[in-house]
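Here are the chains, one letter per residue:
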Amino acid sequence: MIRAELSKLVSLPATWTTLGSTLAANVLLTFMIAVGDTPVAYSRAGFIVLGVLATCSEYTGGQIRTTLTVMPRRVRQLAAKHAALAVVTLPAALVVALSGPLIILAVLGTPVGLWQVAEVTAYLTLLTLLSAAVGVLLRHTLAGVGLLLGGLFVAAPFLHEYLPDEMVTLVVSTPVLLIVAALAYRRRDA
């Protein structure tokens, strides 16, 4: 099942366009700003789009009915979709997380620790999976992307003082939303 979901995800042109433009934006912002964390802050938008697209793309053209006919066990199919998304996202997140520090090292000579790279990679992967869960719940690409980008760039700065660290929030909320999405996916019609 994972292989089938990975094949579908990799064959989507939007997957490669999103990943390529996210990496290009990250590199460009790193050169322009020359600050390690700021480009990753804007690169989060690309990973949000990737997560929502990975789960909502089948609803757009009606392919979800074919998928559910071939793989009737919905929770297993959704778990395979999320695992395939993690397989694609993890190396892409690592490249984005490494690109900023490597450019800063080359330009400014300031080294960045490997722990920061690992944390950014985990953060971007969890954010993508959270976005996928929201995509499953909403089943509409524009609504999912709008909600998540609005929450990330508009609401989060105002709520920052009331919420714990972003990484802690993601570590707690991602599994919860994945479970809620799986329960909703299991009970809803395609």
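Anyway, here's the lowdown on the structure attached to this text. Here the residue numbering is sequential within each chain, running from 1 through the sequence in written order. Only residues with pLDDT of 70 or above have their local features reported here, since the model is predicted, and side-chain atom pairs are shown and tallied only from 80 upward, although totals for entire chains, interfaces and linings are computed over all residues. As a rule here, side-chain values cover all heavy atoms of the structure and leave hydrogens and water aside.

### Quick notes on the overall build of the protein chain
Phase 1 of the analysis: Helix and strand labels come from DSSP, where a helix needs a run of H or I of at least four residues and a strand needs a run of E of at least two; each type is numbered from the N terminus. Each helix and strand in the protein chain was counted, giving eight helices and zero strands.
Phase 2 of the analysis: For the protein chain, the succession of helices and strands along the chain, N to C, is α-α-α-α-α-α-α-α.
Phase 3 of the analysis: Values of the radius of gyration come from C-alpha atoms, whereas the globule rule sets the reference at 2.2 Å times the count of residues to the power 0.38. Against the 2.2 N^0.38 benchmark of 16 Å for 190 residues, the protein chain shows a C-alpha radius of gyration of 17 Å, consistent with a compact globule.
Phase 4 of the analysis: In terms of principal-axis extent, the alpha carbons of the protein chain reach across some 55 × 35 × 25 Å.
Phase 5 of the analysis: Between buried and exposed lies partly exposed: a residue is buried under 20% and exposed over 50% of the maximum accessible area for its type, with that area taken using a 1.4 Å probe on protein chains only. Across the 190 residues of the protein chain, 39% fall into the buried class.
Phase 6 of the analysis: We call two residues in contact when some of their heavy atoms are within 4.5 Å. By sequence separation, contacts in the protein chain at least 24 residues apart represent 84% of the contacts at least 6 residues apart.
Phase 7 of the analysis: For the area figures, the Shrake-Rupley method with a 1.4 Å probe applies, and any residue is considered shielded solely by the protein chains shown. For the protein chain, the computed accessible surface area is about 10100 Å², with 71% contributed by carbon and sulfur atoms.
Phase 8 of the analysis: In this tally, Lys and Arg are treated as positive and Asp and Glu as negative; His is ignored, and so are the chain termini. The atoms used to mark charge sites are NZ of Lys, CZ of Arg, CG of Asp and CD of Glu. The positive charge centre, built from 12 side chains, and the negative charge centre, built from 8, are 19 Å apart in the protein chain.

### Regarding the packing of aromatic side chains
Phase 1 of the analysis: Stacked, tilted and edge-to-face are the three classes applied to pairs of Phe, Tyr and Trp rings, where Trp contributes its six-membered ring and a pair requires centres within 6.5 Å; stacked means planes under 30 degrees apart, edge-to-face means over 60, and tilted covers the rest. Applying the stated criterion across every chain, the model contains zero aromatic pairs.
Phase 2 of the analysis: Only when the NZ of Lys or the CZ of Arg is both within 6 Å of the ring centre and within 35 degrees of the ring normal is a charge said to sit over the ring. One Lys or Arg, Arg74, reaches over the ring of Tyr185 and ends 5.8 Å from the middle of that ring.

### What about the side chain of His82?
Phase 1 of the analysis: Along the polypeptide, His82 turns up in helix 5 (residues 74-108).
Phase 2 of the analysis: For His82, the residues in contact, after removing those within four places along its chain, are Thr55, Leu129, Ala132, Ala133, Val136 and Leu178.

### A closer look at the nonpolar core
Phase 1 of the analysis: In these notes, a set of buried Ala, Val, Leu, Ile, Met, Phe, Trp, Tyr and Cys residues joined through side-chain atoms within 4.5 Å is what counts as a nonpolar core. Of all hydrophobic cores here, the largest spans 28 residues; its most connected members are Leu19, Phe47, Leu85, Tyr123, Leu124, Leu127 and Leu148.
Phase 2 of the analysis: Ranked by the residues each element gives to this core, the list is headed by helix 6 (residues 114-138), at nine residues.
Phase 3 of the analysis: In this structure, Leu78, Ala133, Ala181 and Tyr185 belong to the second largest nonpolar core, which totals nine residues.

### Some points on the pattern of salt bridges
Phase 1 of the analysis: For this analysis, a salt bridge means a side-chain nitrogen from Lys or Arg found within 4 Å of a carboxyl oxygen belonging to Asp or Glu. One pass over the structure, following the stated rule, counts three salt bridges.
Phase 2 of the analysis: Taking the shortest distance from any N to any O, the salt bridge between Glu166 and Arg44 comes out at 2.8 Å. Highlighted residues: Glu166 in helix 8 (residues 166-187) and Arg44 in helix 3 (residues 37-61), separated in sequence by 122 residues.
Phase 3 of the analysis: On the basis of relative accessible area, Glu166 is assigned to the partly exposed category, the value being 35%.
Phase 4 of the analysis: Classification of Arg44 as buried rests on a relative accessible area of 10%.
Phase 5 of the analysis: Between Lys81 and Glu58 there is a salt bridge, and its shortest N-O distance comes to 2.7 Å. Of this pair, Lys81 sits in helix 5 while Glu58 sits in helix 3, placing them 23 residues apart in sequence.
Phase 6 of the analysis: For Lys81, a relative accessible area of 8% translates into the label buried.

### Notes on a nonpolar patch on the surface
Phase 1 of the analysis: Grouping into patches uses exposed residues only, defined as over 30% relative accessible area, and leaves out salt-bridged ones; the cut-off is 9 Å for like charges and 5 Å for nonpolar side chains (Val, Leu, Ile, Met, Phe, Trp, Tyr). A surface patch of nonpolar side chains, about 790 Å² in accessible area, is lined by Tyr42, Phe153, Val154, Phe158, Leu159, Tyr162 and Leu163.
Phase 2 of the analysis: Counting residues per element, the nonpolar patch draws most heavily on helix 7 (residues 141-159), at four residues.
Phase 3 of the analysis: As for its position among the elements, Phe158 is in helix 7.
Phase 4 of the analysis: Of the residues examined, Phe158 reaches a relative accessible area of 64% and is grouped as exposed.

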